[in-house]
Amino acid sequence: MTKRKLAYAFFMISYVGALAASLADLNLVGMVLGAPALVISGWTFLGHFVTLDDDLPGEWSNPEGSRKIWYLSLGELGLKAVIFLALLMVVYLP
């Protein structure tokens, strides 16, 4: 199993465990189980946000100046933000 697949599996187990605990009204257990997924999703969002300027047309990750790469990067950042906020609501709002 690759490291990426292992990280995805760890994230999903943490997320599903937090969701199940939240639905069962075990809020403290949900917070503990969801903390790793929250850290992982927050870290990926923050890392992408910090390096977002590299995807601008003509910059480091986009030397050919493609606007498509820039828009895809913005979309990916938005998706990461939605996942982080959804996880935050599942883990810490109930």
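Description of the structure in this document. (Residues numbered from 1 in each chain as written. Predicted model: local features only at pLDDT ≥ 70, side-chain atom pairs only at ≥ 80, totals over all residues. Heavy atoms only, no water.)

## What to know about the nonpolar core
- Counting residues in hydrophobic clusters, the biggest one holds six residues: Phe 11, Ala 18, Ala 37, Leu 38, Leu 87 and Val 91.
- Not counting residues within four places of it along the chain, the set of residues in contact with Phe 11 comprises Ala 37, Ile 40, Ser 41, Ile 83 and Leu 87. (Core = buried A, V, L, I, M, F, W, Y, C linked by side-chain atoms within 4.5 Å. Buried < 20%, exposed > 50% of the residue type's maximum accessible area, 1.4 Å probe, protein only. Contact = heavy atoms within 4.5 Å.)

## With respect to the packing of aromatic side chains
- Per the counting criterion, the structure on display carries two aromatic pairs.
- Ring centres of Phe 11 and Tyr 15 lie 6.1 Å apart, and the angle between their planes is 10 degrees; this geometry places the pair in the stacked category. Note that Phe 11 and Tyr 15 are positioned in helix H1 (residues 3-23) at a spacing of four residues, about one turn of the helix. (Phe/Tyr/Trp six-rings, centres within 6.5 Å; stacked < 30°, edge-to-face > 60°. Helix = DSSP H or I, 4+ residues; strand = E, 2+ residues; numbered from the N terminus.)

## As for H1
- Between its terminal C-alpha atoms H1 stretches 30 Å, which fits the 30 Å expected from 21 residues at 1.5 Å a residue.
- Within H1 the residues assigned to the buried category are Phe 11, Ser 14, Gly 17, Ala 18, Ala 21 and Ser 22. Taken around the axis of H1, the buried residues stretch over an arc of 135 degrees, which confines them to a single face. The outward face of H1, more than 90 degrees from its buried face, is lined by the exposed residues Arg 4, Lys 5, Tyr 8, Ile 13 and Leu 23.
- Buried residues along H1 sit in contact with helix H2 (27-50) and helix H3 (67-92).
- At the C-terminal side of H1, Asp 25 shows a positive phi close to 65 degrees. (Expected span 1.5 Å × (residues − 1). Arc of directions from axis to C-beta.)

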